[in-house]
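Here are the chains, one letter per residue:
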Amino acid sequence: MTQRRTLGEILVGLGRITEGDVARALEYQRQGGGYLGEALVACGLVSEDEIEWGLASQFDLPYVFPRADEIDFEAASMVSPEWALANLTLPIMKTASTLTVVVESPLNTKVVEELRTRTHLEIQLALASPSNIRELIRQVFARPTAADEDAQRPPVGMSEALDTVLA
C-alpha cells in the first residue's frame, strides 16, 4: 500500500513552496491551531485555490469549477440553502445510485455520512474552494424555478390567447 503524500509534500513537489515555507506554516499552525493549508494561506504562501487543488491531489479527488447553470437543480434541492452554506457542501449531480457533492474539504466525513444516510445514495466528492462554493450556492438557489417564471408572466386576455393559438 502506498502512503498518501502530505499537502506540504505535494506543494513542495510542485515548486509552489519550499521546505522552509512548510516549517514556517507548521510553526504558525502550532501557535494558532487549524489545518496546515489554513496556515499556508494565512502566511501568504499560497492561495486558497492552490490549497484546494493540493488537497484534491492528495485525496485523489477532482477539483472543480462548477457553474450554476451546469448544476443538476434536482440534486442541489436535496439540501436547503442554509444547510449548504453552513456545511459548504452542495450536491451537483444525481444518478440512480450516486450523488456527486462539491465540498471544501475531504476531511468533513460527518457531512458525507449525513448525506449518505438522508439520500441512501453513494456519495462521490469533488473539491472546490470555499469562496467558489459560497458563490455557487448563492447562484443556484437564486435561480428562478419554472413556477417562479410562470408567476411573473402577466395574465393574458382571451382575445390575446385566441390570437396566439390561431397564429
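Residues numbered from 1 in each chain as written. Predicted model: local features only at pLDDT ≥ 70, side-chain atom pairs only at ≥ 80, totals over all residues. Heavy atoms only, no water.

Student: Help me understand the packing of aromatic side chains in this model?
Tutor: Two descriptors summarise a pair of aromatic rings, namely the distance from one centre to the other and the angle between the planes of the rings. Counted under the stated rule, the structure contains 2 aromatic pairs. Between Y63 and F65, the ring centres sit 5.0 Å apart and the planes meet at 90°, which makes this aromatic pair edge-to-face. Directly above the aromatic system of W83 lies the positively charged group of R118, at a separation of 5.4 Å from the ring centroid. (Phe/Tyr/Trp six-rings, centres within 6.5 Å; stacked < 30°, edge-to-face > 60°. Lys NZ or Arg CZ within 6 Å of the ring centre and 35° of its normal.)

Student: Whenever I open this one, the pairing of strand β3 (residues 122-127) confuses me. Can you help?
Tutor: When a strand is regular, its side chains alternate between the sheet's two faces. Bridge count between strand β2 (residues 98-103) and β3: 6 bridges; the pairing is parallel. Paired with T98 across the bridge in β3 is E122. Taking the sense of rotation as the criterion, the β-α-β connection linking β2, helix α7 (residues 109-119) and β3 turns out right-handed. (Pairing = 2+ DSSP bridges. Helix = DSSP H or I, 4+ residues; strand = E, 2+ residues; numbered from the N terminus. Right-handed = clockwise from strand over helix to strand, strands pointing away.)

Student: Mind showing me how you'd approach the pattern of salt bridges here?
Tutor: A side chain of one charge can pair with a side chain of the opposite charge when the charged atoms of the two come close. Applying the stated criterion across every chain yields a total of 7 salt bridges. Across the pair R30 and E27 runs a salt bridge, and its minimum N-O distance is 3.3 Å. Residue R30 and its partner E27 are located together in helix α2 (residues 19-32), separated by 3 residues, close to a single helical turn. Accessibility expressed as a relative area gives 60% for R30, which makes it exposed. Take E27: its relative accessible area is 36%, and that puts it in the partly exposed class. (Salt bridge = Lys/Arg side-chain N within 4 Å of Asp/Glu carboxyl O. Buried < 20%, exposed > 50% of the residue type's maximum accessible area, 1.4 Å probe, protein only.)

By themselves, these observations are geometric and do not establish any function.
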